[in-house]
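# What the coordinates show
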Amino acid sequence: MSNNNQQQFQQFYEFIRILNRKDKQYEEVVSDAIAFLADDLFIGRLTGELEILPDAANSSGVQEKTVFYTSEKGFTAEDPYVLVNPIMKPGSVTLTAFHRPNQPFQPEQRLALQAVLELINMVAERNYMILTAERQGMMQMLTGLPNAVGYMKEVGKKYRDRTITDYDAYYFNLTGYGLINKNFGQTEGDEIMKRYTGIIRSFLEPEELLGHLGGDNFIALIRKGDRSLQFQKRIRQVDTYGMQYGKQIPLSIRACAGFMHIERATPPEQIISGPAAAGGFAKRSKETIVLLDEALNDRLSRAKEIEQGFEKALVNHEYTVFYQPKVDAATGALIGAEALTRWFKGDRMVSPGLFIPILEQSSRITVLDLSMLELVCHDIADWKAAGENVVPVSVNISRHDLMDPELFQKVAAILDRYQIARDDIVIEITETSNEAEKEQMIAFLTQLKEHGIAASIDDFGTGYSSLSILREFPVSEIKLDRSFINKELGEKDAIIIRMIIQLAKELKIEVIQEGVETEEQRDFIMKLGCHRIQGFLYSQPLPKSNYDLWLKQGRKPE
Ligand code: C2E
Ligand code: CA
Ligand code: CA
């Protein structure tokens, strides 16, 4: 071949190699590639015929004819070059090159055509295999690993030959893969994913299984015992690299996983869903690898019940408000109340500690919080109508609610609907040390402040950034966490608490201590300068009818 020829062949080859690129049709790639050689090889037209004989899987067989390329210079049907290739299944692929009018193929062209068409054929065959695998829906395109369907097919075999109980079933999800994609771009992100799966794949023994559900979600079947432990170690951290500006950047890819020991009684449906549930739990609880045991299983199914029963419970008015009085310890006067959710499920009362964290995993918590606010507003309107002297009621807003960009508007709309004065409500929200959350929180608190609605920082002192919160967050109250009075406090603790209380007062921020159960605790915190108190010492959270009595008397009812 001449130099020029070689170059064109090179170009052709570069093109045909990428036949499996998902963004280009097979036909398109072949026709683009062959265009580089068409003039030299006198090609007027190139066609392909795929024939697959009928078999059990496909009773009518397949017959497809494709025209890959037609030259502007035309072609003749005479004396074409034909390459027939048997393929895996009974059937064949026939590639036919027709020459241009008055330009019959010479021995030189025929020789070159043989090589070129063989190559197209080989790539086409690989392409065909991938397509069939995909058509049958068993393979994940990017990594070539079995997807859920392909994986379950193999799992089925292990059930049939009764080896399934030799394995632990895994579900794992890569940590921060979104960030890798963001930093390296989608294309290199895909390459990194392939490198990663290559490493995991090479860890596997022939009988073990690895599947790719898409995205950064994987499933695996690994032998119980040592192998399973080694696998956990393997996925904890995989060291690979990403290419950036022609340089290899080292990368550690970590995974978060759930797994279960497969027992004789394990139904196939649970081989993916069981470990996936444990994996979800691992992610939420910021753990790396979690075993789905009976305790976790119970816990997860209870959580599911709570989630699924939420809407119905809401419609049935199963959630109600209890009011816990806030008291000025110096005078005994009622100065406010905190609204706390109670769930009456049948004749049982479920404590918020059990269902709030579950509802916080979705926007259900926002629905609950807003409906609690609504119940409180409804009560306040009632009290006002009855001529009671109302005191401000604090309503808890979950930090999760901040994700709703219209949270403030929704809060304001409820206050308006019941014509509630802005200072009858306090929004209580726990402090955060997470930067992204912090911004959302400041934005929300600022909106509240601009509209004259007071806000309180709950559980103050449990985060890390407590003191800077006083400066950065526009709040009118901080609520000291129970831990301030619960643990054995030393001289230094007392000094710090005294400082916080003084600092807050100078910043015109009210301080309240929650969780006061004993007189000693009350005296301790009062001595440090805080006399606003909430806790069992004065009262448990009360149903409205009991709290009404507090309101009537403006203090603890006699
Ligand atoms: P929290 O906001 O810190 O509420 C104070 C919790 O301490 C309440 O628990 C209250 O009953 C309890 N408590 C009050 N005084 C004492 C005391 O002297 N000693 C002890 N040991 N505990 C005391 P509860 O009602 O079980 O609520 C637990 C948590 O659930 C709340 O903690 C809050 O984070 C959340 N929660 C309750 N209602 C709602 C709500 O409507 N929305 C949201 N987002 N969260 C809520
Ligand atoms: Ca609270
Ligand atoms: Ca609290």
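The shown structure was predicted, so the numbers you read here are calculated from the model rather than taken from an experiment. (Residues numbered from 1 in each chain as written. Chains lettered and ligands numbered in written order. Predicted model: local features only at pLDDT ≥ 70, side-chain atom pairs only at ≥ 80, totals over all residues. Heavy atoms only, no water.)

## A few points about the coordination of the calcium ion (ligand 2)
Surrounding the calcium ion (ligand 2) are the protein donor atoms Glu338 (OE), Asn396 (OD1), Glu428 (OE) and Asp458 (OD), at 2.1 to 2.3 Å. Each donor residue of the calcium ion (ligand 2) belongs to the same chain, and together they define the spacing E-x57-N-x31-E-x29-D. Separating the calcium ion (ligand 2) from the calcium ion (ligand 3) is a distance of 4.1 Å, and Asp458 supplies a donor atom to each of them. With a gap of 62 residues between them, Asn396 in strand β15 (residues 393-396) and Asp458 in strand β17 (residues 454-460) connect regions that are remote in the sequence. Exposure remark for Asn396: the relative accessible area of 23% places this residue in the partly exposed category. (Donors = N, O, S within 2.8 Å, 3.2 Å for Na, K, Ca; no water. Helix = DSSP H or I, 4+ residues; strand = E, 2+ residues; numbered from the N terminus. Buried < 20%, exposed > 50% of the residue type's maximum accessible area, 1.4 Å probe, protein only.)

## Remarks on the layout of surface pockets
The space that makes up the largest pocket amounts to roughly 1400 Å³. As for the largest pocket, its lining consists of 45 residues, of which Ile356, Glu360, Thr430, Asp458 and Asp459 are closest to the centre. Elements supplying a minimum of two residues to the lining of the largest pocket: α7 (270-284), β13 (333-345), α9 (352-359), α10 (364-385), β15, β16 (425-430), α12 (435-450) and β17. Of the residues in the lining of the largest pocket, the class split is 15 nonpolar, 14 polar and 16 charged. (1 Å grid on protein atoms, 1.4 Å probe; cavity = no way out; pocket = protein on both sides within 12 Å on 5 of 7 lines; lining within 4 Å. Points joined across faces, edges and corners; volume = space filled by probe spheres on them. Nonpolar A, V, L, I, M, F, W, Y, C, P; charged D, E, K, R; others polar.)

## Topic: the packing of aromatic side chains
The full count for this structure, using the stated rule, is 15 aromatic pairs. Ring geometry for Phe172 versus Phe231: centroids 5.7 Å apart, planes at 80 degrees, classification edge-to-face. Residue Phe172 is found in strand β5 (residues 167-174), and its partner Phe231 is found in helix α6 (residues 226-236); the two are separated by 59 residues along the sequence. Residue class for Phe172 comes out buried when judged on its relative accessible area of 0%. When the ring of Tyr323 is compared with that of Tyr547, the centres are 5.0 Å apart and the planes differ by 15 degrees; the resulting orientation is stacked. Taken as a pair, Tyr323 in strand β12 (residues 319-328) and Tyr547 in helix α17 (residues 544-553) lie far apart in primary sequence, 224 residues in all. The same class applies to Tyr323 as to Tyr547, namely buried. Ring pairing ties together the aromatic residues Tyr170, Phe172, Tyr196, Phe203, Phe218, Phe231 and Phe259, which thus form one cluster. One Lys or Arg, Arg227, reaches over the ring of Phe203 and ends 4.1 Å from the middle of that ring. (Phe/Tyr/Trp six-rings, centres within 6.5 Å; stacked < 30°, edge-to-face > 60°. Lys NZ or Arg CZ within 6 Å of the ring centre and 35° of its normal.)

## What to know about the sheet that holds strand β11 (residues 289-291)
Read from one edge to the other, the open sheet built from five strands follows the order β6-β7-β5-β10-β11, with strand pairing classed as mixed. Each edge of the open sheet carries a strand with a single partner, namely β6 (209-214) and β11. Neighbouring strand axes in the sheet, compared pairwise and without regard to direction, differ in orientation by 20 degrees on average. Against the sheet, α7 engages β5, β6, β7 (217-223), β10 (255-261) and β11, with an angle of about 135 degrees to β10. (Pairing = 2+ DSSP bridges. Axes fitted to C-alpha atoms, helices over the stretch in contact; angles between N-to-C directions. Contact = heavy atoms within 4.5 Å.)

## Topic: the side chain of Asn85
Among the secondary structure elements, Asn85 is positioned in strand β3 (residues 81-86). The class of Asn85 is buried, set by a relative accessible area of 14%. What Asn85 contacts, discounting residues up to four positions off in sequence, is Gly91, Ser92, Val93, Glu118 and Asn121.

## Structural notes on a nonpolar patch on the surface
A cluster of nonpolar side chains, Leu467, Leu503 and Leu507, forms an exposed patch at the surface whose accessible area comes to about 260 Å². Tracing the backbone shows Leu467 in helix α13 (residues 466-472). (Patch = residues over 30% accessible without salt bridge, like charges linked within 9 Å, V, L, I, M, F, W, Y side chains within 5 Å. Areas by Shrake-Rupley, 256 points an atom, 1.4 Å probe, with all protein chains shown as cover. Salt bridge = Lys/Arg side-chain N within 4 Å of Asp/Glu carboxyl O.)

## Brief notes about the domain arrangement of the protein chain
Structurally, the protein chain comprises domain 1 (3-136), domain 2 (148-292) and domain 3 (304-551). The distance between the C-alpha centroids of domain 1 and domain 3 comes to 72 Å. (Domains from an automatic or database assignment.)

## Focus on the pairing of β10
It is a general feature of regular strands that their side chains alternate between the two faces of the sheet. For β10, the tally of buried residues reaches six of seven residues, placing the bulk of the element in the interior. Where β5 meets β10, seven bridges bridge the pair, whose relative direction is antiparallel. Pairing of Ala169 across the sheet is with Met260, part of β10. Of the strand pairs in this sheet, β10 and β11 are connected by three bridges, and their pairing is parallel. Note that in β11 the partner of Phe259 across the bridge is Leu291. At this point the chain moves from β10, through α7, to the parallel β11, and the crossover so formed is left-handed. (Right-handed = clockwise from strand over helix to strand, strands pointing away.)

## A look at the coordination of the calcium ion (ligand 3)
Each donor-metal-donor angle in an ideal tetrahedron of four donors is 109.5 degrees, and each such angle in an ideal octahedron of six donors is either 90 or 180 degrees. Within the protein, Asp458 (OD), Asp459 (OD), Glu514 (OE) and Glu514 (OE) serve as the donor atoms for the calcium ion (ligand 3), at 2.2 to 2.6 Å. Counting residues between consecutive donors of the calcium ion (ligand 3) along the chain gives the motif D-D-x54-E. Relative accessible area serves as the criterion here: at 7%, Asp458 is assigned to the buried category.

## A look at the site of ligand 1
Taken together, 22 residues are adjacent to ligand 1, and Thr341, Arg342, Asp369, Glu517 and Phe536 come closest. Here a nitrogen atom of ligand 1 and a side-chain polar atom of Asp369 are 2.6 Å apart. Here Asp459 contributes a side-chain N or O atom positioned 3.5 Å from an oxygen atom of ligand 1. A majority-of-atoms criterion places ligand 1 in the largest pocket. (Near = heavy atom within 4 Å. Polar contact = N/O pair within 3.5 Å; in protein donor to acceptor, adjacent residues only side chain to side chain. Sits in = over half its atoms within 2 Å of the grid points.)

## A look at the sheet that holds β3
Across the sheet, which stays open at both edges, the four strands sit in the order β2-β1-β4-β3 with antiparallel pairing between neighbours. Taken across any chain shown, the strands that pair with only one partner, and hence form the sheet edges, are β2 (62-70) and β3. Adjacent strand axes in the sheet meet at a mean angle of 10 degrees when their direction is disregarded. Across the sheet, helix α2 (residues 26-41) lies against β1 (43-52) and β2, angled at about 45 degrees from β2, the strand it touches most.

## Side note on the environment of Asp166
By the element assignment, Asp166 lies in the loop between α4 (148-160) and β5. As a C-alpha pair, Asp166 and Glu118 span 48 residues in sequence and 45 Å in three-dimensional space. Those residues in contact with Asp166 that sit more than four places away from it in its chain are Ile222, Arg223 and Lys224.

## Description of the packing of α10 against helix α11 (residues 407-417)
It is the contact of α10 with α11, at a shortest axis distance of 9 Å, that shows an interaxial angle of 25 degrees. Comparing their axes, α11 and α10 come out roughly parallel. Every pair of crossing elements has a handedness; the one defined by α10 and α11 is right-handed. Counting all contacts with α10, which are made through Thr366, Leu370, Leu373, Glu374 and Cys377, the residues of α11 involved are Leu407, Lys410, Val411, Ile414, Leu415 and Arg417. Looking at side-chain class alone, the contact of α10 with α11 contains seven nonpolar, one polar and three charged residues. (Parallel < 35°, antiparallel > 145°, perpendicular 65-115°, else oblique. Left-handed = near helix turned anticlockwise from the far one by under 90°.)

## Observations concerning unusual backbone geometry
In this structure, Phe42 is a non-glycine residue whose phi angle is positive, near 60 degrees. As for its placement among the helices and strands, Phe42 is situated in the loop between α2 and β1. Residue Phe42 is classed as buried on the basis of its relative accessible area of 17%. A positive phi is found at Gln419, a non-glycine position, where the angle reads about 50 degrees. In this structure Gln419 comes out as exposed when scored by relative accessible area, which is 73%.

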